[in-house]
Amino acid sequence: MNYERMIATRRSLLTGLASAGGLLLTGCSESEPPTYGNLLRMGDALTYKAQRLLLPAQALAREYERRDVSSIPAIGNTNPGDSRQATFNAARGPLYDQLRSGSFTHWRLSIEGSVARPGLYSLADLHRFPSRTQITKHTCEEGWSAIAEWTGVQLRRVLEAAGMLPAARYVNFHAFDDTVDSIDMRDALHPQTLLAYGMNGRELPVAHGAPLRLRVETQLGYKSVKYLQRIVVTDKFYDPGKLGPLQTGWAWYVGI
Ligand SMILES: Nc1nc2c(c(=O)[nH]1)N[C@H]1C(S)=C(S)[C@@H](COP(=O)(O)O)O[C@H]1N2
Ligand SMILES: [Mo]
């Protein structure tokens, strides 16, 4: 079965499962996404559970060839230092500007929470981990998609280095703009989930998330948080309030 066909089959399966919704929801056991008992949010639980049932944990997203690389628009915030941007943060914006003017030499990624060794990582530290390069398709919830090459370190390696604790369930990403989002441990440990510092063979450009962004190839584009500053590992789901997808109206889990 070719890839497109596989996706189509998966979609119709998911639709079928969705209509058997009540059934699935009452059978919830294992790990569940946050739904707050909100009816509108039950779709989240369905998509999440259906995908978790149908796909093996480590199923890889399709990877492409260099010749498939297309132009990719910069979407959402394109410079956290610019106060005119919608998600500008008054505290971290100016800090970003300062770090950027020093070519991010003084930038540090903080790893905190449910880890034995919380710490700060410079770009040079991250470059010391084995790197992974992958050419993947970015699918934005707004309806466009584009193919790009990403280079970085697998998030899994950094979490292992920080000594994530056995109770850890979610990984939260805090950006220099107002973006905060999270993924579960299964997506966090996925081999294609990267902390990317390179794009199309160059340093990651500011418009695309410099100096470091997340790539979550198993979910829609908005989960790939740009401009990373802090990674917080948690045992319980953390709701970032009005900054997070739950309260801005987007689904928390958007598997593709
Ligand atoms: N910090 C941050 N991350 C973000 C966004 C943003 O506005 N701020 N936009 C998201 C959306 S909606 C998409 S489609 C992708 C766009 O990535 P690109 O600009 O590299 O195309 O980044 C995601 N990550
Ligand atoms: Mo997007």
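Everything here concerns the structure above.
Residues numbered from 1 in each chain as written. Chains lettered and ligands numbered in written order. Predicted model: local features only at pLDDT ≥ 70, side-chain atom pairs only at ≥ 80, totals over all residues. Heavy atoms only, no water.

Draft legend 1. Looking closely at the packing of aromatic side chains. Summed over all chains, the structure comprises 10 aromatic pairs. Relative to F237, the ring of Y170 lies with its centre 5.6 Å away and its plane at 80°, an arrangement referred to as edge-to-face. Of the two residues, Y170 is situated in strand β5 (residues 170–175) and F237 in the loop between β10 (228–234) and α8 (245–248); the sequence distance between them amounts to 67 residues. Measuring from centroid to centroid gives 5.6 Å for F237 and W252, while their planes differ by 90°, and the two rings are edge-to-face. Highlighted residues: F237 in the loop between β10 and α8 and W252 in the segment after α8, separated in sequence by 15 residues. (Phe/Tyr/Trp six-rings, centres within 6.5 Å; stacked < 30°, edge-to-face > 60°. Helix = DSSP H or I, 4+ residues; strand = E, 2+ residues; numbered from the N terminus.)

Draft legend 2. Quick look at the pattern of salt bridges. Counting across every chain of the model gives 9 salt bridges. Put simply, R215 and E217 hold a salt bridge, and the shortest N to O gap is 3.1 Å. Overall, the relative accessible area of 5% leaves E217 in the buried class. (Salt bridge = Lys/Arg side-chain N within 4 Å of Asp/Glu carboxyl O. Buried < 20%, exposed > 50% of the residue type's maximum accessible area, 1.4 Å probe, protein only.)

Draft legend 3. Spotlight on the site of ligand 1. The local shell around ligand 1 holds 22 residues, among which P73, D177, H208, R213 and K226 are the closest. Bound to the protein, ligand 1 loses 94% of the 530 Å² it would expose on its own. Grouping the constituent residues of the shell around ligand 1 by class yields 11 nonpolar, 7 polar and 4 charged. (Near = heavy atom within 4 Å. Areas by Shrake-Rupley, 256 points an atom, 1.4 Å probe, with all protein chains shown as cover. Nonpolar A, V, L, I, M, F, W, Y, C, P; charged D, E, K, R; others polar.)

Draft legend 4. How the structure looks around the nonpolar core. Grouped together as the largest cluster of nonpolar side chains are 35 residues, with contacts concentrated most on L109, L126, L155, V171, F173 and L195. Elements with a minimum of two residues in this core: α4 (92–101), β1 (109–113), α6 (155–162), β5, α7 (185–188), β7 (194–199) and β10. With 4 residues, the single largest contributor to this core is α6. Sequence-distant contacts of L195, defined by excluding residues within four places in its chain, comprise L109, T151, G152, V153, L155, V158, L212, R213, L214, L228 and I231. (Core = buried A, V, L, I, M, F, W, Y, C linked by side-chain atoms within 4.5 Å. Contact = heavy atoms within 4.5 Å.)

Draft legend 5. Structural detail: the environment of T78. Its place among the elements puts T78 in the loop between α3 (42–54) and α4. In this structure T78 comes out as partly exposed when scored by relative accessible area, which is 25%. Each C-alpha atom of the pair T78 and A210 lies 9.6 Å from the other, and the pair is 132 residues apart in sequence. Ignoring anything within four residues of it in the chain, the contact list for T78 reads Q85, V206, A207 and Y227.

Draft legend 6. Expanded view of the side chain of S114. Assignment of secondary structure puts S114 in the loop between β1 and β2 (119–121). A distance of 2.5 Å separates the side chain of S114 from the side chain of D235, its partner in a polar contact. Residues in contact with S114, not counting those within four places in the same chain, are G163, M164, L165, A168, V233, T234 and D235. (Polar contact = N/O pair within 3.5 Å; in protein donor to acceptor, adjacent residues only side chain to side chain.)

Draft legend 7. Highlighting the sheet that holds β1. Read from one edge of the open sheet, 5 strands run β2-β1-β10-β5-β6, paired in mixed fashion. Two strands lie at the open edges of the sheet, namely β2 and β6 (180–184), each paired on one side alone. Averaged over all pairs of adjacent strands, the angle between strand axes in this sheet comes to 20°, irrespective of strand direction. (Pairing = 2+ DSSP bridges. Axes fitted to C-alpha atoms, helices over the stretch in contact; angles between N-to-C directions.)

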